[in-house]
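Per-entry structural report
Next come the chains, spelled out residue by residue.
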Amino acid sequence: MKVAIVVQRYGADINGGAEQHARYVAEHLAKHVQVEVLTTCAHRDYISWKNELPEGKEVVHGINVYRFPVAVERDPIAFSKWSQNVFAERHSLRDELAWLDAEGPTSPSLIEHIKKHESDYDFFIFFSFRYHHSFHGCRAVASKAILVPTAERDSALGLGIYPPIFRGVRAFMYNSYEERALIQTVSNNQSVPGVVVGVGSEIPERSNAGRFRQKFEMRDRFAIYVGRIDENKGCVELFEFFEHYSAGLADGMHLVLIGTAHVPIPKHPRIHHLGFLEDQDKYDAMAAAELLIMPSYLESLSMVALEAWAMGKPVLANAKCDVLQGQCLRSNAGLFYANYPEFAETMGAIDTTPSLQAALGRNGRAFFEKHYSWPVIEKKYVDMLQQLSQETNTRTMEPMPGWFARRRKSLPPADDVVKGLPSGAYRETNTASSQPAAVAGRPVPDARPQERPPQPQRPQQHQRPPQGQRPDQRNARDSRGPRPDNRPPRTENRVDAEAGQVKPRTAGRQPLDAAPGKPKSDRGRDHRRGRPQRRGRRPGGGGGTR
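Structure report, in brief. Predicted, not measured: the structure shown is a model, and the values here were computed from it. (Residues numbered from 1 in each chain as written. Predicted model: local features only at pLDDT ≥ 70, side-chain atom pairs only at ≥ 80, totals over all residues. Heavy atoms only, no water.)

1. A few points about the nonpolar core
Inside soluble globular proteins, nonpolar side chains tend to come together where they are buried. Rule in force here: Here, the term nonpolar core denotes a set of buried Ala, Val, Leu, Ile, Met, Phe, Trp, Tyr and Cys residues that are joined through side-chain atoms within 4.5 Å. Using a 1.4 Å probe on the protein chains alone, a residue whose accessible area is under 20% of its type maximum counts as buried, one over 50% counts as exposed, and one in between counts as partly exposed. Here, residues are in contact when the closest pair of their heavy atoms is within 4.5 Å.
Grouped together as the largest cluster of nonpolar side chains are 74 residues, with contacts concentrated most on I5, I125, F127, I224, L292 and Y381. Those residues within four positions of I224 in sequence are excluded, and the remaining contacts are V256, I258, A285, M286, A289, L291, L292 and I293. Judged by nonpolar contacts, the second largest core, of 47 residues, contains L110, F172, Y177 and V192.

So this is what it looks like as structure tokens:
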């Protein structure tokens, strides 16, 4: 069997995102089938998509990679104009196609190669639904197209050009249950075979916390962030929360940042920016860290969170990202926050409770081994390829509308469509099999939650009710009836530190306007009140090699 991996960029030195995801899948799938990669000449610049690598064939880690030139670099002004048009205004299908071309990377020669060589491959695996190569490539070879959508809750998902693609491909390899719920809701494609698979990680057999501490002169205990440092990843909010959290602590954790900075880094004695690191240094840093913080608002799957769990590290995630919240719930290996008071409480719980930190780390390692080790990932891909090769395809791609229909401004703003999609973490129902029902093309159990499901509780053991209030009055808000928007009351994390379990208990959400510097109760004023400060605890994630 011969398979083509089609992705916007490809290279051994491209870290993170769909590009690294595609490379990992290509290299591991090559153990089972013949794999080739079809991509563009774009390399490091994902803003303009300028051609930086030569056209033609290259061998990367033993896999043939064929590169095709980008016809036109992205014009940021034009792209911004089209984005405003299709995301915020009533528009036409023609407008969306213009937005797609403006987004890039636009490579007509890549699409022509796919059409011309369709018979050379049994299947094409397309990464990232939103880009030019996936839209036009899936239409060109629909009967052989498998889509890894890497979809997030962003405006592009509300465009009208994509639902026919989602209904017309042969199969999906989803990153998460939350991603699957979004795509099935927007396109009603439950009959298309699909499996939640995600991706594994290339964790070294041995990582050395001590080596990192010596090389970078880092003696203090620290939390770590790994990834692109910009506002869209929640880093600005993280800096604000962390500075406020650290203000009253004599011996609190430091924050280590690994990645390229696209926003200013605060000049703070406990914030350390190390820039881009080689893999060995990165994994040594993660081994030395107490926890990973993932502040991103939008993710289809966080590879670095999986890496942290594989290394036995707890994760503190942004609850505004449904996928991250869902992964924390399913793994019992992380806590999450939606505002500063919750950040302070969850950060403080991990910071000051070694038994909790250890339990979350154990749960994370077990979760990774069960769901994201490479034998598990490889089997899901191979099983899907074998299933599709034995089936007769009866699905056809819906044709594009005609000239007049494309120009009719009948499509709603994409932002309005996204607002109507399901939100919250997906909780899988207990079944005899751990495999999603959709792997055989059957509809999944209601993967479109209309209400926020029960969630693990944020730690309450260090919280006190406001003065004069009895403990049984803490949830008085819930007894006052439904919220203004009729959403169900939110649950928070109540953690059994010894067992490493997170158990739901309904509680009112801390007011979102309780921002740093504006506490709404005694809880927000001093998150460590009532806890003795620990001094002299040995830093460093278990101290050594793994």
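2. A word on the sheet that holds strand β9 (residues 222-226)
Heads up, the rule is: Any two strands are treated as partners once DSSP identifies two or more bridges connecting them. The helix count covers DSSP runs of H or I at least four residues long, the strand count covers runs of E at least two residues long, and both are numbered beginning at the N terminus. Helix axes are fitted only over the stretch in contact, all axes being lines through C-alpha atoms; the angle between N-to-C directions runs from 0 to 180 degrees.
Across the sheet, six strands lie side by side as β11-β10-β9-β12-β13-β14; this open sheet has parallel pairing. Each edge of the open sheet is held by one strand with a lone partner, namely β11 (271-275) and β14 (334-337). Sheet twist, expressed as the average angle between the axes of neighbouring strands with direction ignored, equals 25°. As judged from the four bridges shared by strand β10 (residues 254-258) and β11, these two strands associate in the parallel manner. Bridging across to β11, V256 finds its partner in H272. Contacting β9, β12 (291-294), β13 (315-318) and β14, helix α11 (residues 303-310) runs over the sheet at an angle of about 165° to β12.

3. As for the pairing of strand β1 (residues 2-6)
Most of β1 is tucked away: five of the five residues are buried. Of the two faces of β1, the one lined by K2, A4 and V6 and the one lined by V3 and I5 are each fully buried. Sheet analysis places β1 next to strand β2 (residues 34-40), joined by five bridges and oriented parallel. From the neighbouring strand, A4 faces β2, where its bridge partner is E36.

4. Some details on empty space enclosed by the protein
For clarity, the threshold we go by: Cavities and pockets are found on a 1 Å grid laid over the protein atoms alone: a cavity is a set of points where a 1.4 Å probe fits but cannot escape, a pocket is an open set with protein on both sides within 12 Å along at least five of seven lines, and a lining residue has an atom within 4 Å of such a point. Grid points are joined across faces, edges and corners, and a volume is the space filled by probe spheres set on the points.
In this structure the tally under the stated criterion is four cavities of 30 Å³ or more. Here the largest cavity defines a volume of roughly 160 Å³. Around the largest cavity, the lining comprises 18 residues; the ones closest to its centre are R153, E178, L182, D322 and V323. Going through the elements one at a time, α7 (177-187) and α12 (322-331) are the ones with two or more residues in the lining of the largest cavity. Residue contributions to the lining of the largest cavity peak at three residues, all from α7.

5. Examining helix α4 (residues 108-116)
To be explicit about the condition: Arc, as used here, means the arc of the directions from the helix axis to the C-beta atoms.
Listed as buried for α4 are L110, I111, H113 and I114. Taken around the axis of α4, the buried residues stretch over an arc of 155°, which confines them to a single face. At its buried positions, α4 is contacted by β1, β2, β4 (63-68), β5 (123-127) and α5 (132-140).

6. So, the packing of helix α10 (residues 279-288) against α11
Relative placement of two packed helices is described by the angle separating their axes and the distance separating the axes. To be explicit about the condition: Relative orientations are named as follows: roughly parallel for angles under 35 degrees, roughly antiparallel for angles over 145 degrees, roughly perpendicular for angles from 65 to 115 degrees, and oblique for any other angle. Left-handed is the label given to a crossing in which the near helix is rotated counterclockwise from the far helix by less than a right angle, and right-handed is the label when the rotation is clockwise. Under this grouping Gly is polar, as are all residues other than the nonpolar Ala, Val, Leu, Ile, Met, Phe, Trp, Tyr, Cys and Pro and the charged Asp, Glu, Lys and Arg.
As a packed pair, α10 and α11 sit with axes 10 Å apart at the nearest point and diverge in direction by 60°. Classified by the interaxial angle, the pair formed by α10 and α11 is oblique. Note on packing geometry: the crossing formed by α10 with α11 is right-handed. Where α10 approaches α11, its residues K282, Y283 and M286 are matched on the opposing element by V304, E307 and A308. Of the residues assigned to the contact of α10 with α11, the class counts are four nonpolar, no polar and two charged.

7. Focus on the packing of helix α1 (residues 17-29) against helix α15 (residues 374-390)
Running from N to C, α1 and α15 cross one another at 80°; their axes reach a closest spacing of 10 Å. With respect to each other, α1 and α15 are oriented roughly perpendicular. Along its contact with α1, which presents H21, Y24, V25, H28 and L29, the element α15 presents W374, E378, Y381, V382 and L385. Tallied by class, the residues present in the contact of α1 with α15 amount to seven nonpolar, two polar and one charged.

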